[in-house]
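Each chain is listed here by its residues.
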Amino acid sequence: MSEKGWSQLWLDYASKAGKDSVNGIRMGNVNVDIKDFDVDNRVIESAVKELNRAFCGDNDKVKVTLVRNKEVAKEGYRIGNIIGGSNENVAKSDAPEYVIEASDENGALYGVFHLIREKLMGKEYPNICADCAPSNPLRMMNHWDNMDGSIERGYSGRSFFFVGDEIVVNERTVDYARFMASVGINGVVINNVNVKWAATDLITTRFFDKVKELSDIFGDYGIKLYLSLNFASPIELGGLPICDPLDKDVINWWKDKIKEVYDHLPDLGGFLVKADSEGRPGPFTYGRTQADGANMLGDIIAQYGGIIIWRCFVYNCTQDWRDTKTDRARAGYDYFKGLDGEYHDNVILQIKNGPMDFQIREPISPLLGGLTKTNQMLEVQIAQEYTGHQIDVCYLIPMFKEILGFKTYCRDDLDTVADVISGRTMGNKYAGMAAVINTGNDYNWTGNDLAAANLYGFGRLAFNTELSSEEIAREWVRLTFDLEQDLEDKLVDMLLRSREIYEKYTSPLGIGWMVTPSDHYGPSVDGYEYSRWGTYHRADHLGLGVDRTDKGTGYAQQYYSPNAEMYNDPKTCPENLLLFFHHIPYTWKLASGQSLIQYIYDSHFEGCAEAEELAETWKEFEGKVSDRTYACVSERFGRQVYNAREWRDQVNSYFYRKSGISDEKGRTIY
Ligand code: GCU
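Residues numbered from 1 in each chain as written. Predicted model: local features only at pLDDT ≥ 70, side-chain atom pairs only at ≥ 80, totals over all residues. Heavy atoms only, no water.

Turning our eyes to something else, we now look at the site of the ligand. Around the ligand lies a shell of 13 residues, among which E152, K274, R311, K352 and E385 are the nearest. Contact between the ligand and R311: an oxygen atom at 2.7 Å from a side-chain N or O atom of the residue. Within the contact set of the ligand, an oxygen atom lies 2.6 Å away from a side-chain nitrogen or oxygen of K352. Look at the ligand: alone it shows 310 Å² of surface, and the protein chains cover 96% of it. Counted by class, the shell around the ligand contains 3 nonpolar, 2 polar and 8 charged residues. (Near = heavy atom within 4 Å. Polar contact = N/O pair within 3.5 Å; in protein donor to acceptor, adjacent residues only side chain to side chain. Areas by Shrake-Rupley, 256 points an atom, 1.4 Å probe, with all protein chains shown as cover. Nonpolar A, V, L, I, M, F, W, Y, C, P; charged D, E, K, R; others polar.)

Set out below in C-alpha cells:
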C-alpha cells in the first residue's frame, strides 16, 4: 500500500520488485549516462529520476545510456544494446547496458518508461529491444473537472486539480503527470468542456500563476496543458454585449486576451471548445458557422503556436423528431461536412466515436473520414458514463480497437479510422486521439481498481494503435498486480469479456439509451432524457428500433459506399447494430435462428449470469491482491450483479409486455 494516500497504479515499483514478489522481479541498481541531450533539460531530468525510482534494488547493476539520434521518429525511441552499429561498449561492460536512442526528449522519456515496463514484466537483458514511433501525434486526456471540485461524469471521487474554486498543485499532480507520460500521453485538458462558474476565469490573472505551476509540472513530463474555453468569455469577462465571432470588438477582445494568456502561459497547448451544444454558447447564436467560430480563435492563437480543438458534438437537444427525417445522429455530419476544407491549419475537429453519445454500442461516426480536408481527431470516453460508472467492470479497449479498425472507404487505402486520425491518410499535421478521463481523487484514482485498465489502455493504444486488447490487458495486469500465471490469465480473460457482458445485460443490438435519465446508470427502458416526442427506441407491440435507412431518417446515407448500403439493409447490417439502423419486428429471425424477442430474453439472462460468474471468479483473488483492492472490487462486483439483475428483469419484462410473446425457454420474467 502506498503511504502517499493514493495508489501508484502500474508504477508501484516497490511492491512489484524484490525477493518477496511472486514473479521474483529484480530491478537492480542503475547507472545513467547521457549523450547529446542536455542533462539539465527538464524532461531528461524526469527520465533520469524515473530510472532511479524504478531501479531501486541493490546488488545487480544496470547501465542505461540515453543518446540523441536525429533519425529516430518524433517522440519515438529505439532500445537496444548496440551503439552506432558496434556492440563494443556492451561487451566491455560487466553490467547489462541498455541504450535508448531518441531524437527528442519526449522520445527519451517514453523509451525509459518502455524499458521500465519490460523489466517489471519480467523481461531481461538482452531481450529488451524496441523501435517505436507513436501512431498519433496528439494523445490527449480531457478532464471534465469543475472548479468547485465536482467532476462531470466523474465516478472516482472529486477533482485533484480543483478544490473550492482554487487550483491544487501537490505531489499527486506530479504522480499524475508521471502516470500519463508513462503511457505516452502528451496533452491534458484540465477543465470541463462545459466551462461553468469560476472556470471562465482560468484565462484571467486570478489563476495564471497556478495554471502555470500545473503547466510546468506537465512540461517536466513532456505534456502540454490545454484549457477548455468559454466561447462567451467576451461577454462574461469582457463585458461586451455579444460574442459574435465576426464582430470586430469581439475579435479584438480575443486578440488581447490570448496575448495576455500566452504572456503568462507560454507553454499552453491551446484551447478545447464546446460550442452550440447542450446550452453552451456558440457561433450559431449569431447566424455564423462552426468554422467562423473556430477559425477566428485559430487565427489569433496561431502566432503563439497554439491550436484550437473544436468539438463536433453539436446537436439540438430539443429538436422535434416526430418528423422522420429529423435525427440527432445526423447532426454532426449535417453541421460539419459542408464546411470541410474551410477550417484553418491549426484548427482540429474532435469527433466522438459514435454519432450519439458514448453508448455501449454505436456505429462509427460518419464524420471520421467523411471529412477529407480537415484536421480531425477521435474522442472516446473512458469515464464510464453509459458503461457502468466504474462500478460495473467494462474494459473498453476492445471497443476502441473496433473503432480504429473500421474501414471508412474514404479512399482505396489507408482508410481505417486509425489511419484517418493518425494524420497519415490526408497528411494532417494535427491529428490523434482524446479520451474523457476516468480519474478522481479516490485512493485508486479510478473508483474501481479494474477501471485503471482503461486509463492505462487508452494511453498505450493512442501511442500504438497496433497493440491488441489482450496485449494491453496483460501488460496492465502484470504491471499492476503480482499474480501467478493462472490468476493473471483469469483476470485478463475477465477484462476481455467484460464489455460484451455489459452489452448483453443492458440495451440490445445497438439501440442504446435505456438508462436512467441524466444519471445514466441503471435501467430505464423509456429513460432517454430528450423523449418529449416519444420513446427513443420506438418500441410498439410489433417491434422496435429506429429506422435510419433511406426510407427513415437517412442517416445510413452519411457513410461512403459500401458501408451506406450495408447499413441500409437489415439483412446485411451487422446484427449488433440492427436496432440502431432498423425498426425490426420481434419475430424477425437473426442469423442464429433466434427471433429478435428471444435474443433479447436470452442475452439478458446470459449477460446477468456472466456478471455473476465474474463476481464469483473475483473471489479467487482474495489474498492475491492487496486487501484494499480486493475489498473495493468485491464491493463493486456486488453492485454490478445487482445492476445486471435489474437490467435483465426490467428489459425482459418491458418487452414481454409490449410484445406479448413468451420466453420459449419458460424462464421467469418479472
Ligand atoms: C454527454 C454528457 C454530458 C457532456 C456531453 C459532452 O451528453 O452526458 O455530461 O457534457 O456529453 O460530451 O459535451
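Here the focus is the domain arrangement of the protein. A common measure of how large an interface is: the accessible area buried when the components associate. Along its sequence, the protein is carved into domain 1 (9–132), domain 2 (138–480) and domain 3 (504–546 + 583–659). With centres defined by C-alpha atoms, the gap from domain 1 to domain 3 works out at 46 Å. (Domains from an automatic or database assignment.)

Membership of the largest hydrophobic core comes to 216 residues, with the highest contact counts inside it found for M141 and F655. The leading source of residues in this core is helix α18 (residues 596–618), at 10 residues. Non-local contacts of M141, meaning those with residues more than four positions away in its chain, are made with Y176, M180, I185, G187, V188, V189, I382, A435, I437, L455 and F458. (Core = buried A, V, L, I, M, F, W, Y, C linked by side-chain atoms within 4.5 Å. Buried < 20%, exposed > 50% of the residue type's maximum accessible area, 1.4 Å probe, protein only. Helix = DSSP H or I, 4+ residues; strand = E, 2+ residues; numbered from the N terminus. Contact = heavy atoms within 4.5 Å.)

Time to look at the confidence of the model for the protein. For the protein, per-residue confidence averages 95 on the pLDDT scale, and 98% of positions sit at 70 or higher. Ignoring residues within four places in sequence, the model shows residues 83–91, a span with pLDDT below 50, making 11 contacts including any to other chains. (pLDDT = per-residue confidence, 0-100.)

This part takes up the packing of aromatic side chains. For the structure shown, the criterion picks out 40 aromatic pairs. Look at Y386 and W513: their rings are 5.1 Å apart centre to centre, the planes differ by 75°, and that puts the pair in the edge-to-face class. Here W513 lies in the loop between α15 (485–505) and β16 (543–544) and Y386 lies in the loop between β14 (376–381) and α11 (397–405), a separation of 127 residues in the sequence. Of the two residues examined, Y386 and W513, each falls in the buried class. When the centroid spacing of 5.8 Å and the interplanar angle of 65° are considered together, the rings of Y555 and F580 count as edge-to-face. Placement of the pair is Y555 in the loop between β16 and α16 (563–568) and F580 in helix α17 (residues 578–581), with a sequence separation of 25 residues. According to the relative accessible area criterion, Y555 is buried, its value standing at 0%. Residue F580 is classed as buried on the basis of its relative accessible area, which comes to 1%. (Phe/Tyr/Trp six-rings, centres within 6.5 Å; stacked < 30°, edge-to-face > 60°.)

The subject of this paragraph is unusual backbone geometry. Cis peptide bonds are those with omega within 30 degrees of zero, and the linkage from S561 to P562 qualifies with 5°. Here P562 lies in the loop between β16 and α16. Phi is positive for R153, close to 60°, though the residue is something other than glycine. Relative to the helices and strands, R153 resides in the loop between β6 (138–142) and β7 (162–163). A positive phi angle, near 55°, is found at H389, a position not held by glycine. You can see H389 is positioned in the loop between β14 and α11.

Bringing the environment of L227 into the picture now. Locating L227 in the fold gives a position in strand β10 (residues 224–229). Take L227: its relative accessible area is 0%, and that puts it in the buried class. Remark: the alpha-carbon pair of L227 and R158, spanning 69 residues in sequence, is separated by 19 Å. Ignoring any residue separated from it by four or fewer positions in sequence, one finds L227 in contact with V189, I190, N191, L202, I203, L268, G270, F271 and L272.

A few words now on the side chain of N353. Mapping N353 onto the fold places it in the loop between β13 (347–352) and β14. Given the relative accessible area of 5%, N353 is considered buried. Those residues in contact with N353 that lie beyond four places of it in its chain are F358, P363, I364, S365, L368, L378, E379, V380 and I403.

With mixed pairing, the 5 strands of this open sheet are ordered in space as β1-β2-β4-β3-β5. The open sheet has two edge strands with one neighbour each: β1 (29–35) and β5 (130–132). Averaged over all pairs of adjacent strands, the angle between their axes in this sheet comes to 15°, without regard to strand direction. As paired elements, strand β2 (residues 61–68) and strand β4 (residues 97–102) share 6 bridges and run parallel to each other. Across the sheet, residue K63 finds its bridge partner in β4, namely E97. Contacts from helix α2 (residues 42–54) reach β1 and β2, with the element oriented near 160° to β1. (Pairing = 2+ DSSP bridges. Axes fitted to C-alpha atoms, helices over the stretch in contact; angles between N-to-C directions.)

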